[in-house]
Amino acid sequence: ACFLCATACPANCIYIEAGEHPDPQVEKFPLRYEIDTLRCIYCGLCVEACPCDAIRMDTYTHPKIWGYSRIDFVETKEVLMKRSKVLAARGRNALIEDMVADYKAAENAPLEPLD
């Protein structure tokens, strides 16, 4: 929650809400961290600004490209952390394999009526 990535972003697509950490040794942490992929121009300035390599662009994956509302294209802290855990456990090919599996599942799923 240092805000360096959000400050460096020319597209203003990174939203951070900082909070107090329960551990007094930690200054602050992000209560909310979101990247709006519809606004992102993939310039990499956030990656360069991050002092602890928390943001990566070397995973060879792109956010899912389907959705019916803007919120479908916002990557939350939870989504990004899950992706990092998959990378650590199974490698970057796992992200691509999971994405392809998700696309196939969505392709074969019955369509739900819109409200």
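Structure: above.
First, a word on scope: everything that follows refers to the structure included in this document. From a predicted model like this one, the values you see are computed outputs, not experimental measurements.

Definitions and limits used
- Here the residue index of a chain counts from 1 through its sequence in written order.
- For this predicted model, a pLDDT threshold of at least 70 governs which residues receive local features, and a threshold of 80 or more governs which side-chain atom pairs are given and counted, while totals over whole chains, interfaces and linings are taken from all residues.
- Only heavy atoms go into the side-chain values, all of them from the structure, while hydrogens and water stay out.
- Put simply, DSSP H or I for four residues or longer makes a helix, DSSP E for two residues or longer makes a strand, and each gets a number counted from the N terminus.
- Whether a residue is buried, partly exposed or exposed follows from its accessible area with a 1.4 Å probe, protein chains only, as a fraction of its type maximum: under 20%, in between, or over 50%, in that order.
- Should any heavy atoms of two residues lie within 4.5 Å, those residues are counted as being in contact.
- Note on areas: Shrake-Rupley, 1.4 Å probe, and residue coverage restricted to the protein chains presented here.
- Pairing between strands is defined by DSSP: at least two bridges between them are needed.
- The angle between two axes is taken between their N-to-C directions and runs from 0 to 180 degrees, where each axis is a line fitted to C-alpha atoms and a helix contributes only its stretch in contact.

In this section: the overall build of the protein chain. Of the regular secondary structure elements, the protein chain holds four helices and three strands. Counting from the amino terminus, helix and strand elements in the protein chain follow one another as α-β-β-α-β-α-α. Along the longest, intermediate and shortest principal axes, the C-alpha atoms of the protein chain span 50 × 35 × 30 Å. Here the protein chain, with 115 residues, has 26% of them falling under the buried criterion. In the protein chain, the proportion of contacts linking residues at least 24 apart, taken out of those at least 6 apart, comes to 52%. Roughly 8600 Å² of accessible area belongs to the protein chain as shown, and the carbon and sulfur atoms make up 56% of that amount.

With respect to topology, three strands assemble into an open sheet ordered β1-β2-β3, the strand pairing being antiparallel. In this open sheet, the two strands that pair with only one neighbour each are β1 (14-19) and β3 (74-76). Direction aside, the axes of adjacent strands within the sheet are offset by 15 degrees on average. Relative to strand β2 (residues 29-36), β1 runs antiparallel, the two sharing six bridges. The partner of Ala 18 across the bridge, within β2, is Pro 30. Lying on the sheet, helix α3 (residues 77-90) is in contact with β2 and β3; it crosses β3 at an angle near 70 degrees.

So, to be careful, I would describe these as geometric facts and stop short of saying anything about function.
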